[in-house]
Amino acid sequence: ENLAVSPVLSVFQIQHLSAWASSPIFGNVNEYPFFFRLVPSDVHQVQAIADLVEELGFTYVSLIAGDDEAYSGQGFNLLRSEALRRGTFCFAAQERFSDSDRLSIVSAIESSMNDRRAVAIILFATVTQGYAFIDVFNSMKVTGRIIIG
């Protein structure tokens, strides 16, 4: 939605303020000179999550993301790259799920629980995907896991 609207608004030099857009592409002021965001870029979110994982002393975590590419997929890939760059933590599981497919969520959660050392689950998801994930997570009565999202 922001990708379609922002160029049109720029033609008329109308400022575009977004409360949701976190994609790093909007940081390109040459392409989006009138675009402003209220949330940090995915790049900064990933750095903060990686800092938190290190601060908590986790060396193994599970990474679960929704199946959209615009937010969840981008965060998924950025965090994988950040973990590789830092070399201080790795992923016991890396899963994607569809919020409309309960079985894919169950499968992702079960995969994240295969390695007991991975007590934290990093969740990259849209609001809808997040609600679906938490609903399934709670219904499975999972214990002993921390969700970072």
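Just above sits the structure.
Every value quoted in this text rests on a predicted model; they were computed, and no experiment measured them.

Below, the discussion takes up the sheet that holds strand S6 (residues 146–148). Pairing within the open sheet is parallel, and its 4 strands lie in the order S4-S3-S5-S6. Sheet topology places strand S4 (90–97) and S6 at the edges, where each strand pairs with a single neighbour. Taken pair by pair, the neighbouring strands of this sheet meet at an average axis angle of 25°, ignoring direction. Looking at chain direction, strand S3 (residues 60–66) and S4 are connected through 7 bridges and run parallel. Pairing of alanine 65 across the sheet is with arginine 96, part of S4. The strands touched by helix H3 (residues 69–86) are S3, S4 and strand S5 (120–124); relative to S4, the strand with the most contacts, the crossing angle is about 170°. The strands that helix H4 (residues 102–112) touches are S3, S4 and S5; relative to S4, the one it contacts most, it runs at about 175°.

Residues Val8, Val11, Phe12 and Ile14 make up a contiguous nonpolar surface patch of roughly 410 Å² in combined accessible area. For isoleucine 14, the position within the fold is in the loop between helix H1 (2–11) and strand S1 (16–18).

Our next topic: the packing of aromatic side chains. Summed over the entire model, instances satisfying the criterion amount to 3 aromatic pairs. Summarising the aromatic geometry, the rings of phenylalanine 89 and phenylalanine 91 are spaced 5.9 Å apart at their centres and angled 90° between planes, so their arrangement reads as edge-to-face. Here phenylalanine 89 matches phenylalanine 91 in class, with each residue buried. Members of the aromatic cluster, each reached through a chain of ring pairs, are Phe97, Phe133 and Phe137. Residue placement shows arginine 96 over the ring face of phenylalanine 76; its charged tip is 5.1 Å from the ring centre.

The rules behind each value
- Sequence positions are assigned chain by chain, starting from 1 and proceeding in written order.
- For this predicted model, a pLDDT threshold of at least 70 governs which residues receive local features, and a threshold of 80 or more governs which side-chain atom pairs are given and counted, while totals over whole chains, interfaces and linings are taken from all residues.
- Water and hydrogen atoms play no part in the side-chain values, which are based on all heavy atoms of the structure.
- When DSSP finds at least two bridges between two strands, those strands are taken to pair.
- Only DSSP runs of H or I covering at least 4 residues are called helices, and only runs of E covering at least 2 are called strands; the numbering of each starts at the N terminus.
- Helix axes use the C-alpha atoms of the stretch in contact, all axes being lines fitted to C-alpha atoms, and the angles between their N-to-C directions lie in the range 0 to 180 degrees.
- Between two residues, a contact is recorded if the distance between any of their heavy atoms is within 4.5 Å.
- Candidates for patches are residues over 30% relative accessible area with no salt bridge; among them, like charges are joined within 9 Å and nonpolar side chains (Val, Leu, Ile, Met, Phe, Trp, Tyr) within 5 Å.
- Computed with a 1.4 Å probe, the accessible areas rest on the Shrake-Rupley method; for each residue, only the protein chains presented here act as cover.
- Basic side-chain nitrogens of Lys or Arg form a salt bridge, by our definition, when they fall within 4 Å of a carboxyl oxygen of Asp or Glu.
- Note on aromatic pairs: the rings of Phe, Tyr and Trp (six-membered ring only in Trp) are paired at centre separations within 6.5 Å, and the planes decide the class, stacked below 30 degrees, edge-to-face beyond 60, tilted for the rest.
- Buried means the residue's accessible area, taken with a 1.4 Å probe over protein chains only, is under 20% of the maximum for its type, while exposed means over 50%, and partly exposed covers the values in between.
- Definition used: whenever NZ (Lys) or CZ (Arg) falls within 6 Å of the ring centre and also within 35 degrees of the ring normal, the charge is taken to sit over that ring.

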